[in-house]
Amino acid sequence: MEGSNQHSRSGPGGMLRKARTDLRLPVEDAAKLLNLSARHILAMENDDYASLPGPTYVRGYLRSYAQLLGLSPEETVASYNKLPVASKPVDLTALAPKQEISSNDRLMKMGTLLVAGVVIGLAVIWWQGDDKSPGRADQEVAVALTPSYQSGAGGTIGSDKTIDDAAVQEFGPGLIVETDNKIPLLVEPEPAIPQENTSTMPRKEQPPLTSPVTAEQPAVSSGIPSEDTERRVSAVRDGDTVTSPPATGADPGAEGVRARLVLTVEEDSWADIRDARHNKLLYETVPAGRVVTVEGIAPFSVFLGNVEGVKIEFNGEYYDAAKHKRGQVARFTLGETIETE
Amino acid sequence: MLKRFRGFFSSDLAIDLGTANTLIFVRDKGIVLNEPSVVAIRQAHGPRNNRSILAVGQEAKKMLGRTPGSIQAIRPMKDGVIADFTVTGEMLKFFIRKVHENRMFQPSPRIIICVPCGSTQVERRAIRESAIGAGSREVYLIEEPMAAAIGADLPIMEPTGSMVLDIGGGTSEVGIISLGGIVYSHSLRIAGDKMDEAIINYVRRKYGLLIGDATAEAIKKEIGTAWEDSEVREMEIKGRYIADGVPRSQVITSKEVNSALNECLTGIVAAIKTALEHTPPELGADIAEKGLVVTGGGALLRDVDRWLAEQTGLPIIITDDPMTCVVCGCGRALMEAERLGDVFIHE
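This one's a predicted model, so the numbers in the text were calculated from it and none came from an experiment.

## Re the pairing of strand 9 (residues 110-115) of chain B
Residue and element names in this part refer to chain B. Burial analysis of strand 9 places 6 of its 6 residues in the buried class, the great majority of the element. Covered by surrounding structure in strand 9 are Arg110, Ile112 and Cys114 together with Ile111, Ile113 and Val115, the residues of both alternating faces. Inspection of the sheet shows strand 1 (residues 13-17) paired to strand 9 by 3 bridges, in the parallel sense. Following the sheet pairing, alanine 14 is matched in strand 9 by isoleucine 112. Pairing analysis gives 6 bridges linking strand 9 to strand 10 (residues 138-143), with the strands arranged parallel. Bridge pairing in strand 10 places isoleucine 112 opposite tyrosine 140. Once you follow strand 9 into helix 4 (residues 121-133) and on to strand 10, the crossover reads as right-handed.

Below, the structure is given as C-alpha cells:
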C-alpha cells in the first residue's frame with residue numbers, strides 16, 4: 001500500500017521505464033517513433049516534468065508513449081494528474097496589460113477625496129493663518145491707539161471681532177477711512193487736538209461704538225474710535241502733531257523711548273514714517289508750507305520723497321537727510337541710538 | 001438601460017457556435033449546454049404562411065432527414081458561419097433562455113462567441129448581430145484557434161510558439177500563437193461535415209447505396225480511422241440501394257472508411273504544412289520541439305494523432321476533452337475578459 005502511494009506520488013515515470021526496458025526498446029528508438037527527443041523520454045521516465053513544456057503537452061507525450069509501450073494511456077495520464085505539477089494552470093495574464101485605474105475605481109475615488117481634503121485643509125489653514133496674523137497686529141495697533149477703550153468699552157471691543165481690516169486701513173491712506181462695506185468716507189477736518197489729550201482722552205467724549213457711520217462722526221463700525229481718527233487726520237491737515245499713543249498697560253521701558261520728529265515741508269513732498277512698532281505715523285503727500293510733527297516710539301523708519309524740499313528736526317535737533325538721498329528719495333532710520341541707549 | 005438592468009439577472013456566457021454543435025459555458029458553472037446546431041421549423045399552411053420553431057438542438061437533430069413537407073430541419077450554420085441569419089438568432093435565443101430557465105426576467109447576458117479565423121467582416125458582423133438580436137447586451141468575438149489554445153491550457157502568453165489544430169464540424173483551424181497573439185492562422189472548410197460527405201460519396205460510389213448524414217456520422221464515429229495501419233473494424237450500415245430503390249444493409253470496414261477520409265485528411269495535413277512554411281523559424285523550432293495540439297471533434301477520430309505524426313513529423317498532442325476545448329477557452333477568456341482585451345477581435 002505504501003509502495004503504491006509512493007508510486008502515485010512519484011508519477012508514471014518508473015512504470016514507463018520498466019515497460020520500455022521489458023520491451024528492450026532503446027530511448028532513441030522510442031523518441032524517434034514518437035517524434036520526440038530522447039531528452040523528453042528521459043524526462044518522462046525520471047518524472048522530471050519541470051523540463052517539459054507544460055501539463056497539456058506532457059499529457060499528450062505520456063498518452064503517446066504509453067500507447068507505444070502497450071500501457072493504458074488513461075492510467076498513465078491519471079497517474080500524472082495526481083502530481084501537483086499537473087494541476088498548475090497556465091497564467092494567461094502574464095502579458096496582459098495592467099488594468100488601468102479608472103475614475104470609478106474605489107481606490108481612485110478615495111485618493112481623490114483625500115487629495116481634495118488635504119488641499120482644502122491646507123487652503124483653510126493658509127487662509128486662517130493669513131487672516132489671523134494681520135488680525136493680531138491690528139489688534140495690537142488698535143489697542144495701542146485706543147488706550148481708553150480697552151477698559152471703557154472693553155465689553156464690545158475686547159474681542160477679535162471688533163478689530164477688523166477697516167480699522168487698519170484707516171491709518172494707511174490717512175485721509176480716507178474705509179468702512180466695512182468698502183464705501184470710503186471722507187473725514188472732515190477738525191481742529192487739532194493737543195497731544196496730551198490723546199492718551200488721556202476721556203471716555204465720555206468717545207462716540208458710542210454702535211453709533212451709525214455718518215459724515216460728522218466718521219467712526220467705522222469696526223469699533224475704532226472716530227475721534228482718534230479725526231484727530232490724526234486733522235493733525236496732518238493742519239500741520240500739527242501726529243502721535244503714536246503708548247500701549248496701555250505695557251511696560252514703557254519695553255516699548256522704547258518716545259521721540260519727536262518735525263518735518264518742515266518747503267516743497268511738495270510725500271512721507272512714509274513708521275515708528276518702532278511699524279505703525280504708520282505719516283503716510284501721505286505733504287503739500288509745501290506744512291509743518292508736520294510726528295511723535296512716537298523711536299526709532300522711526302522714514303521714507304521721504306523730494307527730500308531736498310523737507311527739513312527734518314528730530315528731538316529738537318536738525319537732521320541732514322541728504323546723506324541718505326538716493327535720487328529724489330531718502331530712506332533712513334531715526335532714533336536708533338536713542339533706543340540703544 | 002433596460003438591458004443593463006436585465007443584465008443583473010443574467011449570467012455571462014461563452015458560446016461555441018459551431019456548425020455541428022453549440023456549446024455554452026456559464027461563468028462559475030462550466031459547460032451547461034451541448035446541443036446540435038439544428039433547428040426544426042414548422043411551415044404553417046394558410047394565407048399568412050407563418051414559420052414557427054418546432055424544436056431546437058437534440059430534438060431537432062432527430063428530425064434531420066425524417067421530416068414531412070411542413071417541417072424543415074435545418075442547420076443554420078454552414079462552414080463555420082451563419083447560413084440562415086434569422087434561424088441562427090432564434091436558435092441562440094432558445095439556448096440562452098434554456099440556460100436561464102429559472103430567471104424571472106428575460107436574460108441579457110454578456111456573451112463571448114468564437115468565430116473561425118477565416119471568417120469575413122460580414123460573417124462576423126452577422127454573428128454579432130445575431131447574438132445581440134438574441135438579447136445579449138455585450139458581444140465579444142474570439143478567434144477559434146485562440147480559444148482552442150486557451151482551452152487547451154497552452155502557454156500562449158510566453159515567448160514560445162504554440163501550434164493548435166481545431167478540427168470542428170464546418171471548418172478546421174490552424175493557428176500559431178506566441179506572446180498572446182496569433183502569428184499565423186488559416187481556416188479551411190474541410191472538417192467533420194466534409195468527412196461525412198466523403199463517406200456518403202464513397203458508399204454510394206462503391207456499393208451503390210445511399211446513406212444519410214446521420215448514418216455517415218455514425219460510421220465516422222464508430223469505425224472511422226485516420227491511420228491506415230489501425231486495427232480493422234467492421235460495421236453494418238443500412239441505406240437505399242440506388243439501382244432498385246430498396247433499403248439494404250452493407251458491411252463496411254474501417255480500412256474503407258480510411259480510404260474515404262483520405263482526401264479530407266490530406267487537405268488538413270496540407271494546411272498544417274502550409275502553416276509551418278509561413279511560421280518564423282524560431283517559432284517553427286519551438287513547435288517542432290513541443291508539438292502540435294489537436295482539439296475539436298475531429299481529434300476524436302481514431303488514430304488521427306498517429307496519422308498526423310507520420311505526415312508532419314511533429315509530436316501530436318490530443319487534448320483531454322477535445323470537444324469542449326474551444327468553449328472552455330471562451331469561458332476562461334470570459335472570466336478574464338477585463339484583463340485579456342488583446343485576445344478578442346476588435347472591429
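## Things to note about the layout of surface pockets
By volume, the second largest pocket is sized at about 400 Å³. Along the wall of the second largest pocket there are 21 residues; nearest its centre are Gln67 of chain A together with Leu301, Arg302, Asp303 and Asp305 of chain B. Contributions of two or more residues to the lining of the second largest pocket are made by helix 5 (55-69) and helix 6 (73-81) of chain A together with helix 10 (304-312) and strand 18 (316-318) of chain B.

## Here we look at the sheet that holds strand 1 of chain B
Residue and element names in this part refer to chain B. What the 5 strands build is an open sheet, ordered 3-2-1-9-10; its pairing is mixed. With partners counted over all chains shown, the strands left at the sheet margins are strand 3 (30-36) and strand 10, one partner each. Averaged over neighbouring strand pairs, the angle between their axes works out to 20° when direction is ignored. With respect to the sheet, helix 3 (residues 85-99) is in contact with strand 1, strand 2 (21-26), strand 3 and strand 9, its orientation differing from that of strand 3 by roughly 140°. Most of the contacts of helix 4 go to strand 10, to which it runs at about 145°, and overall it touches strand 1, strand 9 and strand 10.

## Some thoughts on the nonpolar core
Ile41, Met44 and Tyr65 of chain A together with Ile142, Leu154, Ile156 and Cys330 of chain B are the most contacted members of the largest nonpolar core, which has 48 residues in total. If we ignore the near neighbours within four places in the chain, the residues touching methionine 44 of chain A are Gly13, Leu16, Leu36, Tyr49, Leu52, Tyr61, Leu62 and Tyr65 of chain A. Judged by nonpolar contacts, the second largest core, of 47 residues, contains Ala226, Leu261, Leu265 and Ile316 of chain B.

## Section: the sheet that holds strand 17 (residues 292-295) of chain B
Residue and element names in this part refer to chain B. Strands sit in the order 13-12-11-17-18 across an open sheet of 5 strands; the sheet is mixed. Among the strands making up the open sheet, the edge pair consists of strand 13 (181-188) and strand 18. Each neighbouring strand pair of the sheet contributes to a mean axis angle of 20°, computed without reference to strand direction. Pairing of strand 12 (residues 172-178) with strand 13, which is carried by 7 bridges, proceeds in the antiparallel orientation. Across the sheet, the residue bridging to valine 174 is histidine 186, located in strand 13.

## What about the packing of helix 5 (residues 144-151) of chain B against helix 11 (residues 325-335) of chain B?
Residue and element names in this part refer to chain B. Running from N to C, helix 5 and helix 11 point in directions that differ by 85°, and their axes come no closer than 7 Å. One element, helix 5, and the other, helix 11, form an angle in the roughly perpendicular class. Contact with helix 5, carried on its side by Glu144, Ala147, Ala148, Ile150 and Gly151, involves Cys325, Val326, Cys328, Gly329, Cys330, Arg332 and Ala333 of helix 11 and no other residues of that element. Broken down by class, the residue content of the contact of helix 5 with helix 11 amounts to 8 nonpolar, 2 polar and 2 charged.

## Observations concerning the side chain of threonine 160 of chain B
Topologically, threonine 160 of chain B is positioned in the loop between helix 5 and strand 11 (162-167). Setting aside residues up to four positions removed in sequence, threonine 160 of chain B forms contacts with Pro155, Ile177, Ser178, Leu283, Asp286 and Lys290 of chain B.

About the thresholds
- Residues numbered from 1 in each chain as written.
- Chains lettered and ligands numbered in written order.
- Predicted model: local features only at pLDDT ≥ 70, side-chain atom pairs only at ≥ 80, totals over all residues.
- Heavy atoms only, no water.
- Buried < 20%, exposed > 50% of the residue type's maximum accessible area, 1.4 Å probe, protein only.
- Helix = DSSP H or I, 4+ residues; strand = E, 2+ residues; numbered from the N terminus.
- Pairing = 2+ DSSP bridges.
- Right-handed = clockwise from strand over helix to strand, strands pointing away.
- 1 Å grid on protein atoms, 1.4 Å probe; cavity = no way out; pocket = protein on both sides within 12 Å on 5 of 7 lines; lining within 4 Å.
- Points joined across faces, edges and corners; volume = space filled by probe spheres on them.
- Axes fitted to C-alpha atoms, helices over the stretch in contact; angles between N-to-C directions.
- Contact = heavy atoms within 4.5 Å.
- Core = buried A, V, L, I, M, F, W, Y, C linked by side-chain atoms within 4.5 Å.
- Parallel < 35°, antiparallel > 145°, perpendicular 65-115°, else oblique.
- Nonpolar A, V, L, I, M, F, W, Y, C, P; charged D, E, K, R; others polar.

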